[in-house]
Amino acid sequence: MHLAMPTRKSSNPPPYATRSTRFPMLRRSRVQAIALCACAVVAVIFILSQIMGGSEGIPSGTPPVVIVTVVDSDNYSKEYINNIKDNRIEYARKHGYTTFFPSAKDYELNGSPNSWARVPAIRHALTKFPHSTYMWYLDQNSLIMNPDLTVEGHIMNPKRLEALMIRDQSIVPPDSVIKTFGHLKGNQVDFVLTQDKDGLAQGSFIIRRGEWSKFFLDTWFDPLYRSYNFQKADTHALEHIVQWHPTILSKLALIPQRIMNAYSKADAAGDGTYKDGDLVIRFAGCDKGGRDCAAEAEPFSRQWKTVFRGR
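- As recorded by an unreviewed UniProt entry, the chain carries the name Glycosyltransferase family 34 protein and is attributed to Hyaloscypha variabilis.
- For the chain, the Sequence similarities (unreviewed entry) comment in UniProt is given as "Belongs to the glycosyltransferase 34 family."

## Here we look at the pattern of salt bridges
Phase 1: Evaluation of the coordinates by the stated rule reveals 15 salt bridges.
Phase 2: As a salt-bridge pair, Glu-90 and Arg-309 come within 2.9 Å of each other at their nearest N and O atoms. Residue Glu-90 is located in helix 2 (residues 78-95), and its partner Arg-309 is located in helix 11 (residues 293-309); the two are separated by 219 residues in the primary sequence.
Phase 3: Salt-bridge contacts for Lys-232 lead to Asp-198; the nearest nitrogen and oxygen are separated by 3.8 Å. Within this pair, whereas Lys-232 is found in the loop between helix 7 (223-226) and helix 8 (233-244), its partner Asp-198 is found in the loop between strand 5 (191-196) and strand 6 (199-208), the two being separated by 34 residues in sequence.
Phase 4: Given the relative accessible area of 39%, Lys-232 is considered partly exposed.
Phase 5: Overall, the relative accessible area of 41% leaves Asp-198 in the partly exposed class.
Phase 6: One salt-bridge network, in which partners are shared between bridges, spans Arg-258, Asp-271, Lys-275 and Asp-278.

## Re the nonpolar core
A general feature of soluble globular proteins is that nonpolar side chains tend to end up buried together.
Phase 1: Counting residues in each nonpolar core, the largest one holds 41 residues, and the members touching the most others are Tyr-91, Trp-136, Ile-144, Val-151, Ile-155, Val-192 and Ile-206.
Phase 2: Filtering out sequence-adjacent residues up to four positions away, Tyr-91 remains in contact with Ile-67, Tyr-97, Trp-136, Ile-144, Asn-146, Pro-147, Leu-149, Thr-150, Val-151, Leu-279 and Phe-308.
Phase 3: Formed by 39 residues, the second largest nonpolar core is a distinct cluster that contains Tyr-107, Leu-126, Phe-205 and Leu-217.

Parameters and conventions
Residues numbered from 1 in each chain as written. Predicted model: local features only at pLDDT ≥ 70, side-chain atom pairs only at ≥ 80, totals over all residues. Heavy atoms only, no water. UniProt positions renumbered as here; feature names shortened; annotations may be inferred. Salt bridge = Lys/Arg side-chain N within 4 Å of Asp/Glu carboxyl O. Helix = DSSP H or I, 4+ residues; strand = E, 2+ residues; numbered from the N terminus. Buried < 20%, exposed > 50% of the residue type's maximum accessible area, 1.4 Å probe, protein only. Core = buried A, V, L, I, M, F, W, Y, C linked by side-chain atoms within 4.5 Å. Contact = heavy atoms within 4.5 Å.

Here you go:
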């Protein structure tokens, strides 16, 4: 018995019927409402981001510069330490900066000289002030003398920095074969310091916030270098890593000593002795050889107070 064959489908089927919509106006209005809400949320987020910070998410009111000074209250008088702090605080207040005054005792140095404390102090400041752009380490035996000069304008502006950079300069004078880069641009620099007649002078230096700065400080503070017993402790360790690590040398700029680290005595490098109008005076070595830091600083302490309070 033959079964009936199914009817053959037409080669021209009817078009699909339009999907019926029970509430077309309601659906359209709902989409419009969702779109308006999304736009409103985006607008609120944008406004809040502009109020709370800039394009990099930096909170409003963040100080662009942190001045870091490790203080030694065990070997210096309270009056001397307070004068050093007041000097930094008044300068910072004038420019919207902030200050950080840790003690060497705050850090575990495992028997290394206290001068090593500057390295974890800067690392600490990077954590404490994570949005500030620059960390300026300034030795406690120094005074800021010119309140009108800023870190950004006087030193770290890329064009200004390119004009200041000492290129193809031996890291350890007079004849180190490792020299500063000759092609470095100002916006590539993350570490700025000076030289004196003996070599790198880390009594005053500036580090730009970033991943490189953390790497650099962690390298400098490596236990291997602290245990190596360098003659000048952290100074010689710094000279070593700068000469043997191109990653560090490639971010370093040497600038003339008087720009940020002028010395009070004639033991500076070249034209490195302090002159009126310079940003900083440093009493290098005043804690050795029978010298008196407080006595050497006294006339300049009176001077900075007169200048600062007159402007």
